[in-house]
Amino acid sequence: MTGAHSADTAGRAVLETIRAYGVTAVFGIPGTHNLELYRPLADLGIRAVTNRHEQGSGYGADGWTQLTGTPGVVITTSGPGLQNAMSAIGTAFCESRPLLVLSPGVARGDEFRDVGTLHETKDASAMVGAIAEWSRRVESAAEAVDAVHDAFALFRTGRPRPVHIEIPLDVLEAPAEVPVAARAPRDLRPAAGPDATAVARAVALLEGARRPVIVAGGGATRAATQVTALAERLGAPVLTTLNGKGTVDERHPLSLGSNLRLASARGVAEDADVLVVLGSKLGEAELWAPALAARGRVIRIDISAAQVHKNLEATVGIVGDCGAVLDALLAELAIPARPAPDLADARAAILAETREALPETVALAEAIARALPHDAVVAGDSSQIVYMALANVLRQARPHSLLYTPTYATLGYGLPAAIGARVAQAERPVVAVLGDGALMFCVNELMTAVEQRLDLVVVCVDNGGYAEIRQNEIDRGIAPIGVDLVQPDWAALADAFGARGVRVERRGDIGTAIGEAVEAGGVRLVHIPQGAIADG
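Because the structure is predicted, anything quoted here is derived from the model rather than measured.

### Some remarks on helix α17 (residues 384-393)
Quick reminder: α-helices carry 3.6 residues per turn. Residues three or four places apart thus point the same way. Burial analysis of α17 places 10 of its 10 residues in the buried class, the great majority of the element. Residues of α17 that are buried: Q384, I385, V386, Y387, M388, A389, L390, A391, N392 and V393.

Given below as structure tokens:
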């Protein structure tokens, strides 16, 4: 610990503890009440990323988390700053992502006084607790440090979800009186191994399977090696959710990609005689269907006992870390590796179905996918170019290479998530792909990217507004209202932020524009006006 004892506040004790768990960047906005959380950052070697809105801070922390494997941290001020982060907290809950949010609160004894103090909020902790895994208002520096330890224990051993710690102002700014040793990471008890009886039952099903299929969700991404090994041993096709995309290299002969929204892909899973579901609740938002109608036996593996029968009853449910359970299964399987089935017809059906609904959008997505570096991290948004096209045609080799929110489906995620991914690492290029409506939700974060001196490419596919909602209105007999949006000059707007913008006029120039933007470095925006782009 460095610095004078007078500066060893509760804020410092909390940040020292967080730093000890490996966090090297935080996202947020300094405010009147949270300055003691900012004071120690430089001294501790923690990078402060100042977003232009706290929603962007939450999504930036999420992108950082996915690339580092270390939980993201957001610092907000009290009242409106914390409220601005609520969408990001809700996203982290729905997508099962670790997120630690720190905020100041009213001093002890001032709760519920309603006297008009700055940023006064009726009950900030209860507000966040309504959507987070937990939210705690602590009463001392020691309690705050304990809460940090509890957060990281959850992130390491349970279903990762967002948590919030509210530190009263009088506690935050006072001397910490927390021993240095109490700020060190705590050893965690080794998780109990998977239930041996359940493993044996699963092994028996797998050894007798003739048409096994694997569905890998977000809970399987840290076990990519074991998932691939199991698929190869069984000769099992692998489908993933969008959160599980890339768990098995999507160029692998057994991969059928992240295509569960398509009936042709779901049919492969439903026809399995043994379906293995890894770390997924199989929700409607991933399936685009009420349920997965599996006709065979079902093995489900999940870190959470509450998940193993959710949305699809398991024949065998195994609770535990996906990697540890798969290690146990692989050790017990007494069968040689089976040959891979011929998946050409399934791939052709999936591609045909992908192209059928929005052929123009899919053609643009295919052009974008061809232009992206093979190891690019792609941050998507809740835009048609992503969920109707790019997520299906882009083939990625590693998990956490498509940053996206399929369940919460928020607008404004892609750009700040891309910023977080770029802050996390400089080895892989990062490209945000999003629609014009989504970009307008977070265009202010272009300034954050410029200020942080990042190399980042933003591809804006402009379909003139909220195209899917426009079609929804038409389908319901409603004359389009509120969905055709006036557009800025996107390239000029990027220039005004200190980035560099270019408008693509011809389809044949998409690849060149994206390639040149990646190569040039700095913050670059490529504007693709979908309705006006010429062939050739």
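Now that the structure has been shown, the text picks up again.
### Section: the environment of D342
For D342, the location among the structural elements is in the loop between α14 (322-332) and α15 (344-357). Exposure remark for D342: the relative accessible area of 69% places this residue in the exposed category. For the pair D342 and S304, spaced 38 residues apart in sequence, the C-alpha separation works out to 34 Å. Within polar-contact distance, the side chain of D342 engages the backbone nitrogen of A344 at 3.0 Å.

### Focus on the packing of aromatic side chains
A complete count under the given rule lists four aromatic pairs for this structure. Centre to centre, the rings of Y21 and F152 are 4.3 Å apart; their planes meet at 5 degrees, and the pair counts as stacked. In this pair, Y21 sits in the loop between α1 (10-20) and β1 (25-28) while F152 sits in helix α8 (residues 141-157), placing the two residues 131 residues apart along the sequence. F152 shares its class with Y21; the two are buried. Each member of the aromatic cluster is reached from another via a ring pair, and the members are Y21, F152 and F155.

### Some remarks on the side chain of T240
For T240, the location among the structural elements is in strand β8 (residues 238-240). When sequence neighbours within four positions are dropped, the list of residues in contact with T240 reads A216, K245, G246, G257, S258, N259 and L260.

### Describing the state of the cysteines
Going through the model one piece at a time under the given rule, you end up with zero disulfides. Here C460 is not cross-linked by a disulfide; its sulfur's nearest cysteine counterpart is in C442, at 9.9 Å.

### Looking at the packing of helix α16 (residues 359-371) against helix α23 (residues 510-520)
Direction vectors running N to C along α16 and α23 enclose 40 degrees, while the axes themselves pass 9 Å from each other. Comparing their axes, α23 and α16 come out oblique. Between α16 and α23 lies a crossing of right-handed hand. Along the contact surface, α16 presents L364, A367, I368 and A371, while α23 presents I510, G511 and I514. Among the residues forming the contact of α16 with α23, the class breakdown is six nonpolar, one polar and no charged.

### Comments concerning helix α6 (residues 86-94)
Considered for burial, the residues of α6 that qualify are M86, A88, I89, G90, T91 and A92. Immediately beyond the C-terminal end of α6, within one or two residues, lies S96, with a positive phi of roughly 55 degrees.

### Remarks on the nonpolar core
By size, the foremost hydrophobic cluster in this structure holds 81 residues, and its most contacted members are I18, L100, L102, I165 and I167. If we skip the residues at most four places from it in the chain, I165 touches L100, V101, L102, S103, W134, R136, V138, A144, A147 and V148. Core analysis: the next-biggest nonpolar cluster, separate from the first, contains 35 residues, A365, A371, V386 and V431 among them.

### Observations regarding the pairing of strand β5 (residues 134-137)
Where β5 meets strand β6 (residues 162-168), four bridges bridge the pair, whose relative direction is parallel. From the neighbouring strand, W134 faces β6, where its bridge partner is V163. For the crossover from β5 across α8 to β6, the handedness is right-handed.

### Observations regarding the sheet that holds strand β11 (residues 316-319)
Reading across from one edge, β8-β7-β9-β10-β11 is the order of the five strands in this open sheet, with parallel pairing throughout. Lying at the two open borders of the sheet, with one neighbouring strand each, are β8 and β11. Here the average twist between neighbouring strands, direction ignored, is 15 degrees. In this structure, strand β10 (residues 297-302) lies alongside β11, joined through four bridges in parallel fashion. In the strand pairing of β11, I301 is matched with I318.

### Focus on the packing of α15 against α16
It is at 5 Å that the axes of α15 and α16 come closest, and there the two elements cross at 120 degrees. One way to sum up the angle between α15 and α16 is to call them oblique. Two secondary-structure elements touch here, α15 through L351, T354, R355, E356 and A357 and α16 through P359, V362 and E366. By residue class, the composition of the contact of α15 with α16 is four nonpolar, one polar and three charged.

### Brief notes about the sheet that holds strand β2 (residues 47-50)
The sheet built from six strands is open, its strands ordered β2-β1-β3-β4-β6-β5 with parallel pairing. Strand pairing shows two members of the sheet lacking a second neighbour, β2 and β5, which therefore form its edges. For this sheet, the mean angle separating the axes of adjacent strands, direction not counted, is 20 degrees. The pairing of β1 with β2 spans four bridges and is parallel. Bridge pairing in β2 links A25 to R47. In this fold α8 packs onto β4 (99-105), β5 and β6, with an angle of close to 175 degrees to the strand it touches most, β6.

### Some words on empty space enclosed by the protein
Taken as a whole, this structure holds one cavity of 30 Å³ or more when the rule is applied. Taken as a whole, the largest cavity holds about 40 Å³ of empty space. The wall of the largest cavity is formed by G58, Y59, D62, A88, T91, A92, R97, P98 and L99. Looking at the lining of the largest cavity, the elements with two or more residues in it are α4 (54-68) and α6.

### Describing the pattern of salt bridges
Where charged atoms from two side chains of opposite charge approach closely, those side chains can pair. Applying the stated criterion across every chain yields a total of 20 salt bridges. In this structure, the salt-bridge partner of D43 is R12, at a minimum N-O distance of 2.8 Å. Within this pair, whereas D43 is found in helix α3 (residues 41-44), its partner R12 is found in helix α1, the two being separated by 31 residues in sequence. The class for D43 is partly exposed, based on a relative accessible area of 43%. The salt bridge partner of D455 is R422, with a shortest N-O separation of 3.7 Å. With D455 in the loop between α20 (445-451) and β15 (456-462) and R422 in helix α18 (residues 414-424), the pair connects residues that are 33 residues apart, well separated along the chain. Shared partners join several salt bridges into a network, and the residues in it are D8, R12, E16, D43 and R183.

Thresholds applied
- Residues numbered from 1 in each chain as written.
- Predicted model: local features only at pLDDT ≥ 70, side-chain atom pairs only at ≥ 80, totals over all residues.
- Heavy atoms only, no water.
- Buried < 20%, exposed > 50% of the residue type's maximum accessible area, 1.4 Å probe, protein only.
- Helix = DSSP H or I, 4+ residues; strand = E, 2+ residues; numbered from the N terminus.
- Polar contact = N/O pair within 3.5 Å; in protein donor to acceptor, adjacent residues only side chain to side chain.
- Phe/Tyr/Trp six-rings, centres within 6.5 Å; stacked < 30°, edge-to-face > 60°.
- Contact = heavy atoms within 4.5 Å.
- Disulfide = S-S within 2.5 Å.
- Axes fitted to C-alpha atoms, helices over the stretch in contact; angles between N-to-C directions.
- Parallel < 35°, antiparallel > 145°, perpendicular 65-115°, else oblique.
- Left-handed = near helix turned anticlockwise from the far one by under 90°.
- Nonpolar A, V, L, I, M, F, W, Y, C, P; charged D, E, K, R; others polar.
- Core = buried A, V, L, I, M, F, W, Y, C linked by side-chain atoms within 4.5 Å.
- Pairing = 2+ DSSP bridges.
- Right-handed = clockwise from strand over helix to strand, strands pointing away.
- 1 Å grid on protein atoms, 1.4 Å probe; cavity = no way out; pocket = protein on both sides within 12 Å on 5 of 7 lines; lining within 4 Å.
- Points joined across faces, edges and corners; volume = space filled by probe spheres on them.
- Salt bridge = Lys/Arg side-chain N within 4 Å of Asp/Glu carboxyl O.

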